[in-house]
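# Breakdown of the fold
One letter stands for each residue in the lines below.
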Amino acid sequence: MELNIGCLLTLQDNGATQYNFQNYTVRKSVVYGGATYTFAPFAFSGAISNIQGDNLDAGLQFQATKVTRTWAETAIVNNWVGTVTVVLLKDDSSIERVLYSYAGVVAAGGWQESTIELSLNSVMDAVRGTIPGRRMTHQLVGMIPVSANINV
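Described in the following lines is the structure provided in the data block. (Residues numbered from 1 in each chain as written. Predicted model: local features only at pLDDT ≥ 70, side-chain atom pairs only at ≥ 80, totals over all residues. Heavy atoms only, no water.)

## Let's talk about the side chain of Thr-68
Topologically, Thr-68 is positioned in helix α1 (residues 66-77). Excluding anything up to four places from it in sequence, Thr-68 contacts Gln-63 and Ile-116. (Helix = DSSP H or I, 4+ residues; strand = E, 2+ residues; numbered from the N terminus. Contact = heavy atoms within 4.5 Å.)

## What about α1?
In this model α1 runs 17 Å from its N-terminal to its C-terminal C-alpha over twelve residues, within 8% of the 16 Å that 1.5 Å per residue would give. What α1 keeps buried is the set Thr-68, Trp-71, Ala-72 and Ala-75. All buried residues of α1 lie within an arc of 105 degrees about the axis, which places them on one face of the element. Exposed positions of α1 whose direction lies more than 90 degrees from the buried face are Lys-66 and Val-77. Positive backbone phi, approximately 50 degrees, marks Asn-79, located one or two places after α1. (Expected span 1.5 Å × (residues − 1). Buried < 20%, exposed > 50% of the residue type's maximum accessible area, 1.4 Å probe, protein only. Arc of directions from axis to C-beta.)

## Observations concerning the sheet that holds strand β7 (residues 81-89)
As a general point, the strands of a sheet are linked pairwise by backbone hydrogen bonds and lie either parallel or antiparallel. Spatially, the nine strands line up as an open sheet ordered β3-β4-β2-β1-β7-β8-β9-β6-β5, and their pairing is mixed. One side of each edge strand has no neighbouring strand; the edge strands of this open sheet are β3 (30-32) and β5 (42-45). In this sheet, adjacent strand axes meet at a mean angle of 35 degrees when their direction is disregarded. Packed on one face of the sheet, α1 meets β1 (4-13), β2 (16-22), β6 (58-63), β8 (95-111) and β9 (115-122) and runs near 85 degrees to β8. (Pairing = 2+ DSSP bridges. Axes fitted to C-alpha atoms, helices over the stretch in contact; angles between N-to-C directions.)

## Some words on unusual backbone geometry
Backbone geometry at Asn-79 places phi at a positive 50 degrees, although glycine is not the residue there. Mapped onto the elements of the fold, Asn-79 is located in the loop between α1 and β7. One non-glycine residue, Ser-93, lies in positive phi territory at about 70 degrees. Structurally, Ser-93 is set in the loop between β7 and β8. Exposure remark for Ser-93: the relative accessible area of 31% places this residue in the partly exposed category.

## Some remarks on the environment of Glu-113
Within the fold, Glu-113 resides in the loop between β8 and β9. Of the residues examined, Glu-113 reaches a relative accessible area of 79% and is grouped as exposed. Note: C-alpha distance between Glu-113 and Ala-64 (49 residues apart in sequence) is 6.8 Å.

## A look at the packing of aromatic side chains
Overall, the coordinates contain eight aromatic pairs when judged by the stated rule. With a centroid separation of 5.4 Å and an interplanar angle of 15 degrees, the aromatic rings of Tyr-19 and Phe-21 are classed as stacked. Taking relative accessible area as the criterion, Phe-21 reaches 9% and is therefore assigned buried. Pairing Tyr-19 with Trp-80 gives two aromatic rings, centres 6.2 Å apart and planes at 40 degrees, and the pair type is tilted. (Phe/Tyr/Trp six-rings, centres within 6.5 Å; stacked < 30°, edge-to-face > 60°.)

## Describing the nonpolar core
It is characteristic of soluble globular proteins that their nonpolar side chains tend to be buried jointly. Leu-60 and Phe-62 are the most contacted members of the largest nonpolar core, which has 22 residues in total. Of all the secondary structure elements, the ones that give two or more residues to this core are β1, β5, β6, α1, β7, β8 and β9. Residues contacting Phe-62, with those up to four places away along its chain left out, are Leu-9, Phe-21, Ala-40, Pro-41, Phe-42, Trp-71, Ser-114, Thr-115, Ile-116 and Leu-118. Formed by seven residues, the second largest nonpolar core is a distinct cluster that contains Leu-8, Tyr-24, Val-30 and Val-87. (Core = buried A, V, L, I, M, F, W, Y, C linked by side-chain atoms within 4.5 Å.)

Okay, structure coming up:
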């Protein structure tokens with residue numbers, strides 16, 4: 001069994017959308033929820049918050065170019081909000097369903113010679129919240145695959 005997973009990323013400054021990116025269809029844009037997402041090669045490492053107060057940041061990683069360095073620096077300085085929607089894809093790269101969404105403030109970042117990394121801080125206060133992190137269970141996600149053959 002194969003799973004095809006992709007990410008939709010929206011970057012906003014004061015509620016105004018600056019960029020919409022997707023990381024799975026190279027030669028064409030993706031329209032979802034009335035917005036058009038253009039291709040950008042990026043990686044997303046999601047995180048959860050728990051009741052012990054461990055607010056974990058999520059991370060975005062892009063290829064370092066002059067263009068990405070310019071907007072990434074602006075995103076950090078102006079505290080843009082990034083929303084990542086992780087989607088399950090059909091074989092034709094159309095969206096089958098949304099697995100989850102993560103929203104956070106671009107709070108830190110930096111770049112090396114080839115990569116730019118942005119840190120998204122959680123917008124939830126895990127110390128005062130009573131929402132535990134979710135675990136994958138049969139009731140939440142249906143049949144859980146037992147194969148290691150998963151495409152991201």
